[in-house]
Protein chains: 2
Amino acid sequence: MALVAIIGDDFPQTFLDLLKSRRINIDGVEIIPGEKSFFWSGRYHHDMNSRDTLATELNVLTQFDPKVPKIYKDADVLLLGNLNPEAQLAAIAQMTGPKFIVMDTMNYWMDNSYDALTKVIAKVDAITINDEEARQLSGDYSLVKAASKIQSMGPKFVIIKKGEHGALLFHKDQVFFAPALPLEEVFDPTGAGDSFAGGFAGYLAKTEDFSFENLKSAIIYGTALASFCVEAFGTKRLTEINHSDIQSRLSMLKSLIQFDIELH
Amino acid sequence: MALVAIIGDDFPQTFLDLLKSRRINIDGVEIIPGEKSFFWSGRYHHDMNSRDTLATELNVLTQFDPKVPKIYKDADVLLLGNLNPEAQLAAIAQMTGPKFIVMDTMNYWMDNSYDALTKVIAKVDAITINDEEARQLSGDYSLVKAASKIQSMGPKFVIIKKGEHGALLFHKDQVFFAPALPLEEVFDPTGAGDSFAGGFAGYLAKTEDFSFENLKSAIIYGTALASFCVEAFGTKRLTEINHSDIQSRLSMLKSLIQFDIELH
């Protein structure tokens, strides 16, 4: 697995070491001397689903021109993080033919780079987007209609994230709902969406099965990872958990929705 | 099955006939000559989850003193509709010992009849309440904590309704999540909560099994009925559907959340 990104020289070395220790290739992470990394700060509301941005400093991101390391150009799965759609297009252009492309995006790009955004959307297999953004992108309030319209823009799979209310996967006339785990406490929701996308794409890369059935499992896997992410500040919880922690959370998600009703 | 209620003589006879034709005993429905039935009108917001009340006319409800028909005093299941807690207490007092009592309530009674409300809550087996109301009643934002506090007030089972986001069932340290069916269009959400409660209690009355496992099925059954209710104005859709329509919706709910992920 390889990461392509841009950072300033203020970025803590410990996090780069952490990635390397998890066998993530960081040759594609460009470090710009004398400049600062992207910085965001915000304040979450009581409901932990909405937040106010206090500061967004793009810093090095304004000059991001992704360079995919040569040995990763033939990767099977490409996950495009929530960034400028021009940068997402540049990353796609360097790949030799991934089997599955997932993109994340947000309302900012709908407002400011709509044309480039639709070009990316037309090239990907799956898009992850939150409910409000799906409504904005499609112009439809009903998520069923919104997902259908977004599918007609390109992606075979549309994943609509509803935060603490779970996520929906749409594919043709099929729909799957993944619940979120009801938590006693949400410590810090920052990064939950990214953990979800990472778990989802990681599961697909590992299983190499891009069927609707397997995408369901990938979403459950992403949900499990996101549920750890919010339990502590930043990436802390994700560095503490092991395989069996994840397995036990998957089994909690399974039993959360398990029911037997007689159909006849 | 018997209904206990109060109406004015403006109440359409066709609806009384409808109830009778479905073998619902209406001996406990008191008709007050020369007076008007309870009346509510409101306007739903675009999201169909929130609404503004335009008019609430209590009318005959102010004099409601429920009288349970003699032959129904020994019923196994008692469903207390969302009403004045004093009336709910009066209904409980007339029963000879139901096996299971379900109550519905709303924020209005928390604000205006808190003491009587807590007396009802202490006597019931299950409470259905929406997420905002659960937070208000418990003073806890986390629904997990809220449900635990409400259980300590009496009910062994707490059902938190989240509208289009589904419902949660809490019992001791167990939790079950029932998804709502993603719908293309919601025509009129009025009565969805009542259809849910009715389907839930009806399922329990029919199966006579008050275990956590069977309550899960009852919630799924209530969810299916509520999903029909919102498809047309008032009670229209509920009068059109038959057993096999319900079965097919139950099977849609089952496949909506079905996934297989390998646990090892």
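Note that this is a predicted model, so its numbers are computed, not measured.

**Side note on unusual backbone geometry**
Item 1. Unusually for a residue other than glycine, B:Asn59 sits at a positive phi of about 50 degrees.
Item 2. In this fold, B:Asn59 is placed in the loop between β4 (51–57) and β5 (77–80).

**Comments concerning the relation of the copies chain A and chain B**
Superposition of the two copies of the chain requires a rotation about an axis and a shift along the axis.
Item 1. Between the two copies, chain A and chain B, the superposition gives an RMSD of 0.0 Å; the rotation angle is 180 degrees and the shift along the axis is 0.0 Å. This pairing of chains is accounted for by a two-fold axis. Measuring from the rotation axis to each C-alpha of chain A, the shortest distance belongs to A:His165, at 3.0 Å.

**Some words on the packing of helix α5 (residues 131–138) of chain B against helix α6 (residues 143–152) of chain B**
Residues and elements named next belong to chain B.
Item 1. With their axes 9 Å apart at the nearest point, α5 and α6 run at an angle of 60 degrees to one another. Judged by the inter-axis angle, α5 sits oblique to α6. You can see that α5 and α6 cross each other, and the crossing is left-handed. In this structure, α5 uses Asp131, Ala134, Arg135, Leu137 and Ser138 to contact α6, whose residues at the interface are Leu143, Ala146, Lys149 and Ile150.

**Re the sheet that holds strand β7 (residues 126–130) of chain A**
Residue and element names in this part refer to chain A.
Item 1. Across the sheet, six strands lie side by side as β5-β6-β7-β8-β9-β10; this open sheet has mixed pairing. The two strands at the open ends of the sheet, each matched to only one other strand, are β5 (77–80) and β10 (174–178). Strand after strand, the sheet turns through a mean of 15 degrees between neighbouring axes, direction not considered.
Item 2. Pairing analysis gives four bridges linking β5 to strand β6 (residues 100–104), with the strands arranged parallel.

**Describing the interface of chain A and chain B**
Item 1. Of the residues lining the interface, 41 residues belong to chain A; the matching set on chain B comes to 41 residues.
Item 2. Overall, the association of chain A and chain B removes approximately 3900 Å² of surface from exposure, summing both partners, and the carbon and sulfur fraction of that is 60%.
Item 3. Here chain A and chain B share three salt bridges between them.
Item 4. For B:Lys145, the salt bridge is made with A:Glu185, and the minimal N-O distance between the two is 3.9 Å.
Item 5. Between chain A and chain B we count twelve residue pairs in polar contact (both at pLDDT 80 or more) in total.
Item 6. Secondary-structure elements contributing two or more residues to the side of chain A that touches chain B are α6 (143–152), β10, α8 (212–229) and α10 (243–257) of chain A.
Item 7. Class assignment for the residues of the side of chain A that touches chain B results in 19 nonpolar, ten polar and twelve charged.

**Considerations on the side chain of B:Thr128**
Residues and elements named next belong to chain B.
Item 1. Its place among the elements puts Thr128 in strand β7 (residues 126–130).
Item 2. Look at Thr128 and you get buried, because its relative accessible area is 1%.
Item 3. In this structure Thr128 touches Val102, Met103, Asp104, Thr105, Ile159 and Lys161, once residues within four positions along its chain are discounted.

Rules of the game
- Residues numbered from 1 in each chain as written.
- Chains lettered and ligands numbered in written order.
- Predicted model: local features only at pLDDT ≥ 70, side-chain atom pairs only at ≥ 80, totals over all residues.
- Heavy atoms only, no water.
- Helix = DSSP H or I, 4+ residues; strand = E, 2+ residues; numbered from the N terminus.
- Least-squares fit on C-alpha atoms with pLDDT ≥ 70 in both.
- Axes fitted to C-alpha atoms, helices over the stretch in contact; angles between N-to-C directions.
- Parallel < 35°, antiparallel > 145°, perpendicular 65-115°, else oblique.
- Left-handed = near helix turned anticlockwise from the far one by under 90°.
- Contact = heavy atoms within 4.5 Å.
- Pairing = 2+ DSSP bridges.
- Buried area = accessible area lost by both parts, 1.4 Å probe.
- Salt bridge = Lys/Arg side-chain N within 4 Å of Asp/Glu carboxyl O.
- Polar contact = N/O pair within 3.5 Å; in protein donor to acceptor, adjacent residues only side chain to side chain.
- Nonpolar A, V, L, I, M, F, W, Y, C, P; charged D, E, K, R; others polar.
- Buried < 20%, exposed > 50% of the residue type's maximum accessible area, 1.4 Å probe, protein only.

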